[in-house]
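Listed below are the residues making up each chain.
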Amino acid sequence: MPTSSAAMQMRDTQKSLKAVPFSAKSIMNNVETGSPPRAGAFKERPLMKPTAFRKFYERGDFPIALEHDTKGNKIAWKIEIEKLDFHHYLPLFFDGLCETTHPYEFFARQGVHDMLEHGGSKILPVIPQLIIPIKNALNTRNHQVVCTTLKVLQHLVVSGEMVGEALVPYYRQILPILNIFKNKNLNSGDGIDYSQQKRENVGDLIQETLEAFERHGGDDAFINIKYMVPTYESCLLN
Amino acid sequence: MAASTSAPELQQAVRPAQSYKPTGIQRPKQWSSEVEDAYRFQLAGYRDEREYAACKGPDSVERWPENGFVKKLQRKDGNFYYYNQRRECADKDVGGTKIYSYAEQEGK
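Along each chain, residues carry numbers from 1 onward, in the same order as the chain's sequence is written. The order in which chains are written sets their letters, starting at A; the order in which ligands are written sets their numbers, starting at 1. Whole-chain, interface and lining totals are the exception, using all residues; otherwise, since this is a predicted model, local features are given only for residues with pLDDT of at least 70 and side-chain atom pairs are given and counted only at 80 or more. Only hydrogens and water are removed before side-chain values are computed, so all heavy atoms of the structure are retained for them.

As recorded in an unreviewed UniProt entry, chain B goes by Meiosis expressed gene 1 protein homolog and comes from Priapulus caudatus. As its UniProt record puts it under Sequence similarities (unreviewed entry), chain B is described as follows: "Belongs to the MEIG1 family." UniProt positions are given in the numbering used here, feature names are shortened, and annotations may be inferred rather than shown by experiment.

Looking up chain A in an unreviewed UniProt entry gives the name Parkin coregulated gene protein homolog, with the organism given as Priapulus caudatus.

As structure tokens, then:
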């Protein structure tokens, strides 16, 4: 009997052996390597360094009057938007979309909105410079930032003629994140989805954005969207 | 000598600002394009279009060609406010907007 209990004890100690996966030790019998770590595809990736927008804002380089009053949903521009250098300012405001703290987040969002609403034909030539800030903002995978960026993208495609078409070559940079979060819909059963009214449901926003891309992206838009987001179905065909 | 201004001319130049004093005020109950206009002017720090025209000159208001809503206004401190093409005056702001009336309007 003592021999069998000693054998059991030995087997137990062998089972509890732990090793690093893919190491030489890990191929031995009765060694536990544990479960693989999470890939973190949906995990938030916070900013490592402050944005250029924040730097320019703190230095007072933007032509906006910094007011912190209760009226609060408008920017007072020191210079008319029509006279601004869009090649300089529009990418900077887009860079600020990564921000989540006040006042940076508000001024970036409202600044982009005003410039898109009143920019007209000056927006189209700047499109190539906007792609990296858009990609960076989406890559943060932060709920608030992704929602804001999707709304900005919806505004961008209708902001001027040919802007939707000009975005098609850049779908490869923009759409991967949309593909990741496309199914992120709140399953509330028969409850009320309060984020619906505030337009903060990422899955719905992505669907709206892709539909806007297809509507304003010309003939090649759908096939390019489908290539990057295979589960997307056309809203125009059929 | 060319710069000198005669008395009647001077009077005319001063007169508009005085004659733009409103004689009545109303609080609207419902949204309308008139309320939307008043809301936009008041957000920029003016009573209405009359006061804005008196400060910045006639035809200085830029409007959206599609629906005629105010597009851009210059505040009294020289900064610019830009407005959307769509309605900006929310239902909660309707009651806070003031519609001014003037003596000649009342006379009609």
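Engineer: Outline the overall build of chain B, supporting the account with residue identities and numerical values.
Structural biologist: Under the scheme used here, helices are H or I runs from DSSP no shorter than 4 residues and strands are E runs no shorter than 2 residues, and both carry numbers assigned from the N terminus. When helices and strands are tallied, chain B shows five helices and five strands. Across chain B, helices and strands are ordered from the amino to the carboxyl terminus as α-β-α-α-β-β-β-α-β-α. Should any heavy atoms of two residues lie within 4.5 Å, those residues are considered in contact. For chain B, the share of sequence-separated contacts (at least 6 apart) that also reach a separation of at least 24 residues comes to 62%. The Shrake-Rupley method, run with a 1.4 Å probe, gives the accessible areas here. Residue values count only the displayed protein chains as cover. Accessible surface, chain B as shown: approximately 6900 Å² in total, 49% of it carbon and sulfur.

Engineer: Can you explain the pattern of salt bridges? Please cite residues and give values.
Structural biologist: Salt bridge, as used here: a side-chain nitrogen of Lys or Arg that lies within 4 Å of a carboxyl oxygen of Asp or Glu. Scanning all chains against the criterion turns up 16 salt bridges over all chains. Residue lysine 226 of chain A pairs with glutamate 233 of chain A through a salt bridge whose shortest N-O separation is 3.6 Å. Each residue's exposure class comes from its accessible area (1.4 Å probe, protein chains only) as a fraction of the maximum for that residue type: buried when under 20%, exposed when over 50%, partly exposed otherwise. What makes glutamate 233 of chain A exposed here is its relative accessible area of 52%. Residues joined in a network through salt bridges with shared partners are Glu80, Glu82 and Lys83 of chain A together with Glu62 and Lys72 of chain B.

Engineer: Which residues make up the state of the cysteines, and what values do they have?
Structural biologist: Residues and elements named next belong to chain A. Cysteine sulfur atoms are paired as a disulfide whenever they fall within 2.5 Å. Using the criterion set out here, one finds zero disulfides over all chains in the structure. Take cysteine 98: it sits in no disulfide, and the sulfur closest to it among the cysteines is that of cysteine 147, at 14 Å. With a relative accessible area of 7%, cysteine 98 lands in the buried category.

Engineer: Can you explain the interface of chain A and chain B? Please cite residues and give values.
Structural biologist: The interface of chain A with chain B comprises 16 residues on the first partner and 15 residues on the second. The quantity reported as buried area is the accessible area (1.4 Å probe) lost by two parts once they are put together, taken as the sum for both. Both sides of the chain A and chain B interface together cover about 1400 Å² of buried area, and 46% of this is carbon and sulfur. Inspection of the region where chain A meets chain B yields three salt bridges. Of the charged contacts, one joins glutamate 80 of chain A and lysine 72 of chain B as a salt bridge, the two residues approaching to 2.6 Å between their closest N and O atoms. Whenever two N or O atoms come within 3.5 Å, that pair is a polar contact, provided that in protein one can donate a hydrogen and the other can accept it, and provided that, for residues adjacent in sequence, both atoms are side-chain atoms. Between the two partners, chain A and chain B, sit eight residue pairs in polar contact (both at pLDDT 80 or more).

Engineer: An account of the packing of aromatic side chains is requested, with residue identities and associated values reported.
Structural biologist: All names here are of chain A. In this analysis, rings of Phe, Tyr and Trp, with Trp reduced to its six-membered ring, are considered paired at centre separations within 6.5 Å, and the interplanar angle assigns stacked below 30 degrees, edge-to-face beyond 60, and tilted for intermediate values. With the rule as written, the count across this model stands at 17 aromatic pairs over all chains. Each ring, one from phenylalanine 53 and one from tyrosine 57, has its centre 6.2 Å from the other, and the planes form 25°; the classification is stacked. Linking phenylalanine 53 with tyrosine 57, this pair stays in helix α2 (residues 52-59), spanning four residues, or about one helical turn. For the ring pair phenylalanine 56 and phenylalanine 62, a centre distance of 6.2 Å and an interplane angle of 40° mean the geometry is tilted. Considered together, phenylalanine 56 and phenylalanine 62 belong to a single accessibility category, that of buried residues.

Engineer: Can you break down the pairing of strand β3 (residues 70-74) of chain B residue by residue, with the values?
Structural biologist: All names here are of chain B. β3 sits mainly inside the fold: four of its five residues count as buried. Bridging between strand β2 (residues 62-63) and β3 involves two bridges; their strand directions are antiparallel. What sits directly across from glutamate 62, in β3, is lysine 72. When DSSP finds two or more bridges between a pair of strands, those strands are recorded as paired. From the end of β2 to the start of β3, which pair antiparallel, there are six residues, and glycine 68 there has a positive phi angle of about 80°.

Engineer: Provide a residue-level description of the packing of helix α5 (residues 127-139) of chain A against helix α8 (residues 171-181) of chain A, including the pertinent values.
Structural biologist: The axes of two packed helices give the description: the angle between them and the distance between them. All names here are of chain A. To define axes, lines are fitted to C-alpha atoms, for helices over the stretch in contact only, and angles between the resulting N-to-C directions are given on a 0 to 180 degree scale. Taken N-terminus to C-terminus, the directions of α5 and α8 make an angle of 15°; their axes are 9 Å apart at the nearest point. If you check the angle between α5 and α8, you find them roughly parallel. Handedness of the crossing formed by α5 with α8: left-handed. Residue-level contacts link Ile131, Ile134, Lys135, Leu138 and Asn139 of α5 to Gln173, Ile174, Ile177 and Leu178 of α8. Throughout, the term roughly parallel applies to angles under 35 degrees, roughly antiparallel to angles over 145, roughly perpendicular to angles from 65 to 115, and oblique to all others. Rotating anticlockwise by less than a right angle from the far helix to the near helix defines a left-handed crossing, while the corresponding clockwise rotation defines a right-handed one.

Engineer: Requested: an account of the nonpolar core, with residues and values cited.
Structural biologist: All names here are of chain A. Of all hydrophobic cores here, the largest spans 62 residues; its most connected members are Trp77, Phe94, Leu156 and Leu175. A per-element tally of this core places helix α6 (residues 143-157) first, with eight residues. Beyond its immediate sequence surroundings of up to four residues, leucine 175 is in contact with Leu210, Phe213, Ile225, Met228 and Val229. In this text, buried Ala, Val, Leu, Ile, Met, Phe, Trp, Tyr and Cys residues form a nonpolar core when linked through side-chain atoms within 4.5 Å.

Engineer: How would you summarise the side chain of asparagine 142 of chain A if you had to cite specific residues and measurements?
Structural biologist: Residue and element names in this part refer to chain A. Looking at the element boundaries, asparagine 142 is found in the loop between α5 and α6. Looking at asparagine 142, its side chain comes within polar contact range of the side chain of glutamate 44, at 3.1 Å. In terms of polar contacts, asparagine 142 uses its side chain to reach the backbone amide nitrogen of valine 145, at 3.1 Å. For asparagine 142, the contacting residues outside a window of four places in its chain are Glu44 and Thr100.

Engineer: Hey, could you go over helix α4 (residues 104-119) of chain A for me, with residue numbers and the actual values?
Structural biologist: Residues and elements named next belong to chain A. Multiplying one less than the number of residues by 1.5 Å gives the expected span of a helix. Taking 1.5 Å as the rise per residue, α4 with 16 residues should run 22 Å; its terminal C-alpha atoms sit 21 Å apart, in good agreement. The buried fraction of α4 is high, at 15 of 16 residues. A positive phi of about 60° marks glycine 120, the residue just after α4.

Engineer: Quick one: what's the story with the packing of α4 of chain A against α6 of chain A, residue by residue and with numbers?
Structural biologist: Residues and elements named next belong to chain A. Where α4 contacts α6, the axes come no closer than 10 Å and their chain directions differ by 10°. Classified by the angle their axes make, α4 and α6 are roughly parallel. In this structure, α4 uses Glu105, Arg109, Val112, His113, Leu116 and Glu117 to contact α6, whose residues at the interface are Gln144, Thr148, Val152, His155 and Leu156. Broken down by class, the residue content of the contact of α4 with α6 amounts to four nonpolar, four polar and three charged. When residue character is reported, Ala, Val, Leu, Ile, Met, Phe, Trp, Tyr, Cys and Pro are called nonpolar, Asp, Glu, Lys and Arg charged, and the others, Gly included, polar.

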